[in-house]
Amino acid sequence: MNRRNFFLKAGVVGALAATEGLQSCVTGPKLYGDKSFYINRGFTAIPKLKLSSDRIIKETVGLRPFRISGPRMEKEMLGSKTIVHNYGHGGSGWSLSWGTGNQARELVKTTPYKEVALLGCGTVGIATATLLQESGFKVTIYTKDVPPNVTSNLATGTWSPSSRVCDRESATPEFEARWQDATRFSFRRMQMMLGMNDIVAWGDEYQVRKNAPSGTRRAGGSEVFHLKGLAPEWRELGKKDHPFNADYVRRRSNMIFNIPSYLNFHLNNFMIRGGKVEIKEIKTPEDIDALEQKVVVNCMGLGAGQVFNDKEVFPISGQLACLVPQTEVNYKLATDGAYFITRKDGIYLGGTGKENSWDTNPDRAETEKWVSILSDLMKEMKG
Ligand SMILES: Cc1cc2nc3c(=O)[nH]c(=O)nc-3n(C[C@H](O)[C@H](O)[C@H](O)COP(=O)(O)OP(=O)(O)OC[C@H]3O[C@@H](n4cnc5c(N)ncnc54)[C@H](O)[C@@H]3O)c2cc1C
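The shown structure was predicted, so the numbers you read here are calculated from the model rather than taken from an experiment.

Colleague: Just to check I follow, could you spell out the site of the ligand for this structure?
Modeller: In the region of the ligand, 36 residues are neighbours, and Gly90, Ser95, Cys121, Ser152 and Ile282 sit closest. Within the backbone of Thr123, an N or O atom sits 3.3 Å from an oxygen atom of the ligand. A total of 1000 Å² of accessible area belongs to the ligand in isolation, and the protein chains cover 95% of it. Elements with a contribution of two residues or more to the shell around the ligand: β3 (56-67), α2 (93-109), α3 (123-134) and α7 (302-307).

Shown next, in the form of structure tokens:
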């Protein structure tokens, strides 16, 4: 192609891009001024986050219900009741909710009863109640609080099925097999929610480090297990494929849960199908014995540890700070000391993981630190 033909051809492509509004496209070369052809700048551009303290609209601290040997999934008799336990999901309750909900449903099916009392109305309780309804059970949820006043509302909301799911040293091979089964079930179920008002969506996720990590240990911090072949794997990017001032950048696609609309959607569906929700605090096992149903599914998260005096359960607190939503920013990013995730209801900066901390007061200094780390990263970013 001679030089004249090249520019003519580039002009056609550029004009098409302009009419389709592609100037603001987040990837690919940039279209300059009124010149109707692209100049390749040698990197893939992504939109920048607007960061300043006055854009913070809320700060929260949630308590992850961590259980040393992993979420409790078993059946036990308590007086005249059959209890099915489904609690203690740590930092992976959103991701595993359908999978462990399915395992709880299988245990309920081994009883002769068709009416179920379900304790708790977080993401685990709502998923489990939905699955039970789908199998023909009549379900009543008894709960101290409903969304948005539950821990599940204070989560980041990303696919992370093995994040703080157990203590690796204490986990048995049986638990890992159960985790794999739950992870596969949840993953399949999440794909069925795509396109439903964006309650679940896929997006890009970046990991950015100034210096390449040494040795072979490159997996993300709090992930306990990894199941290959389910979600897309991380891919390292070369300098020309990203705009960051960093030696080590990798990217993958990951799922995001738009928490407020997700919980609202599933709770509404539960009610439409005839499910009932009763506000009730369970203080002792005797309160459970007094319920009318013979089979009771326990999805009380951290609260279950207290009612059943389970010494394996303790909180791992996590603070988040929410920035004003920015619709053009649609990726997740983690760097040393801070991360952010973009949801419909805002851009969430995090994150902490303090073991055995029951303190739910946000620490402003922590938020300022994330704003500063991410501001520096954005300032140094090309584009
Ligand atoms: C900062 C942070 C980030 C996170 N990010 C992610 C993530 O990206 N992906 C992911 O998969 N997970 C994540 N998690 C973990 C996830 O949020 C939890 O594992 C999940 O919310 C647990 O759900 P749950 O339904 O068991 O508990 P909860 O949401 O706490 O629900 C428990 C329910 O039981 C009720 N209850 C409690 N005690 C009693 C009682 N005594 N009587 C009656 N009812 C009671 C409560 O009112 C509530 O309705 C994160 C958590 C935090 C804190």
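Colleague: Could you clarify how one ought to interpret the packing of aromatic side chains in this entry?
Modeller: To describe a pair of aromatic rings, you give the distance between the ring centres and the angle between the ring planes. The final tally for this structure, using the stated rule, is 11 aromatic pairs. With a centroid separation of 5.4 Å and an interplanar angle of 65 degrees, the aromatic rings of Tyr331 and Phe340 are classed as edge-to-face. For the pair shown, Tyr331 and Phe340 are each scored as buried. Looking at Arg343, its charged tip hangs above the ring of Tyr348, at a distance of 4.0 Å from the centre.

Colleague: I tried to follow the environment of Leu237 on my own but got confused; where do I start?
Modeller: Mapped onto the secondary structure, Leu237 falls in the loop between β9 (235-236) and β10 (248-257). Each C-alpha atom, one on Leu237 and one on Arg251, is 7.1 Å from the other, the two residues being 14 residues apart in sequence. Here Leu237 is in contact with Tyr206, His242, Val249, Arg250 and Arg251, once residues within four sequence places are set aside.

Colleague: Please explain α2 as it appears in this structure.
Modeller: Each full turn of the α-helix corresponds to 3.6 residues, which orients residues three or four apart in the same direction. With 17 residues, α2 ought to run about 24 Å at 1.5 Å a step, and its terminal C-alpha atoms sit 23 Å apart, in line with that. Of all the bends found along α2, the most pronounced is centred on Gly99 and spans about 30 degrees. Counting buried positions along α2 yields 14 of 17 residues, so the element is predominantly enclosed.

Colleague: Hey, could you run me through unusual backbone geometry in this one?
Modeller: Among all residues except glycine, the phi angle is most often negative; among peptide bonds, the trans geometry is most common. Pro148 follows Pro147 through a cis peptide bond whose omega is 15 degrees. Structurally, the position occupied by Pro148 is in the loop between β7 (138-143) and α4 (173-191). A positive phi angle, near 45 degrees, is found at Arg164, a position not held by glycine. Positionally, Arg164 belongs in the loop between β7 and α4. A relative accessible area of 23% places Arg164 in the partly exposed class. Positive phi values are uncommon outside glycine, yet Asp198 reaches one of about 60 degrees. Its location among the elements puts Asp198 in the loop between α4 and β8 (200-209).

Colleague: Would you mind showing me how to read the pattern of salt bridges here?
Modeller: Pairs may arise between side chains of opposite charge once their charged atoms sit close together. Evaluation of the coordinates by the stated rule reveals 18 salt bridges. Salt bridges here are not isolated pairs; linked through shared partners, they connect Glu59, Arg364 and Glu368.

Colleague: How should I be thinking about helix α8 (residues 364-379) in this particular structure?
Modeller: Taking 1.5 Å of rise per residue, 16 residues should cover 22 Å, and α8 covers 22 Å from first to last C-alpha, within 8% of that figure. Looking only at α8, the buried set comprises Glu366, Thr367, Trp370, Val371, Leu374, Ser375, Leu377 and Met378. One side of α8 carries all its buried residues, which in axial view fall inside an arc of 165 degrees. Opposite the buried face of α8, by more than 90 degrees, sit the exposed residues Ala365 and Lys379.

Colleague: Sorry if this is basic, but what is going on with the sheet that holds strand β12 (residues 295-298) here?
Modeller: Across a sheet, paired strands are connected by hydrogen bonds in the backbone, their directions being either parallel or antiparallel. Judged by pairing direction, the sheet is mixed, and its six strands sit side by side in the order β4-β5-β12-β6-β7-β11 without closing on themselves. Two strands lie at the open edges of the sheet, namely β4 (72-78) and β11 (276-279), each paired on one side alone. In this sheet, adjacent strand axes meet at a mean angle of 20 degrees when their direction is disregarded. Where strand β6 (residues 115-119) meets β7, five bridges bridge the pair, whose relative direction is parallel. In the strand pairing of β7, Leu119 is matched with Tyr142.

Colleague: Before we go on, may I ask you to explain the side chain of Thr158 in this structure?
Modeller: With respect to the helices and strands, Thr158 occurs in the loop between β7 and α4. One polar contact links the side chain of Thr158 to the main-chain carbonyl oxygen of Met255, over a distance of 3.0 Å. In this structure, Thr158 is in contact with Ser95, Asn254, Met255, Phe257, Lys332 and Ile341, ignoring residues within four places of it in sequence.

Colleague: Would you mind showing me how to read the packing of α3 against helix α5 (residues 259-272) here?
Modeller: The relative placement of two packed helices comes down to the angle between their axes together with the axis-to-axis distance. Across the interface, α3 lies against α5 with an axial gap of 10 Å and an inter-helix angle of 35 degrees. In the crossing of α3 with α5, the sense of the turn from one axis to the other is left-handed. Contacts between α3 and α5 involve Thr123, Ile126, Ala129, Thr130 and Gln133 from the first element and Tyr262, Leu263, His266, Leu267, Asn269 and Phe270 from the second. Residues that form the contact of α3 with α5 fall into these classes: six nonpolar, five polar and no charged.

Colleague: How should the environment of Ser160 be read in this particular structure?
Modeller: Mapped onto the elements of the fold, Ser160 is located in the loop between β7 and α4. Classification of Ser160 by relative accessible area gives buried; the value is 11%. Considered as a pair, Ser160 and Val224 are 64 residues apart in the sequence and their alpha carbons are 10.0 Å apart. In this view, Ser160 contacts Gly91, Ser92, Ser95 and Glu223; residues no more than four positions away in its chain are not counted.

Colleague: Is there a simple way to explain the packing of α2 against α5 in this structure?
Modeller: The geometry of α2 relative to α5 is characterised by a closest axis approach of 13 Å and an angle of 20 degrees between their N-to-C directions. By the criterion of interaxial angle, the relationship of α2 to α5 is roughly parallel. Our pair here, α2 against α5, has a crossing hand that is left-handed. Contact with α2, carried on its side by Trp94, Ser97 and Trp98, involves Ile259, Tyr262, Leu263 and His266 of α5 and no other residues of that element.

Scoring rules and cut-offs
Residues numbered from 1 in each chain as written. Predicted model: local features only at pLDDT ≥ 70, side-chain atom pairs only at ≥ 80, totals over all residues. Heavy atoms only, no water. Near = heavy atom within 4 Å. Polar contact = N/O pair within 3.5 Å; in protein donor to acceptor, adjacent residues only side chain to side chain. Areas by Shrake-Rupley, 256 points an atom, 1.4 Å probe, with all protein chains shown as cover. Helix = DSSP H or I, 4+ residues; strand = E, 2+ residues; numbered from the N terminus. Phe/Tyr/Trp six-rings, centres within 6.5 Å; stacked < 30°, edge-to-face > 60°. Buried < 20%, exposed > 50% of the residue type's maximum accessible area, 1.4 Å probe, protein only. Lys NZ or Arg CZ within 6 Å of the ring centre and 35° of its normal. Contact = heavy atoms within 4.5 Å. Expected span 1.5 Å × (residues − 1). Bend = angle between axes of the 7 residues up to and from the residue. Salt bridge = Lys/Arg side-chain N within 4 Å of Asp/Glu carboxyl O. Arc of directions from axis to C-beta. Pairing = 2+ DSSP bridges. Axes fitted to C-alpha atoms, helices over the stretch in contact; angles between N-to-C directions. Left-handed = near helix turned anticlockwise from the far one by under 90°. Nonpolar A, V, L, I, M, F, W, Y, C, P; charged D, E, K, R; others polar. Parallel < 35°, antiparallel > 145°, perpendicular 65-115°, else oblique.

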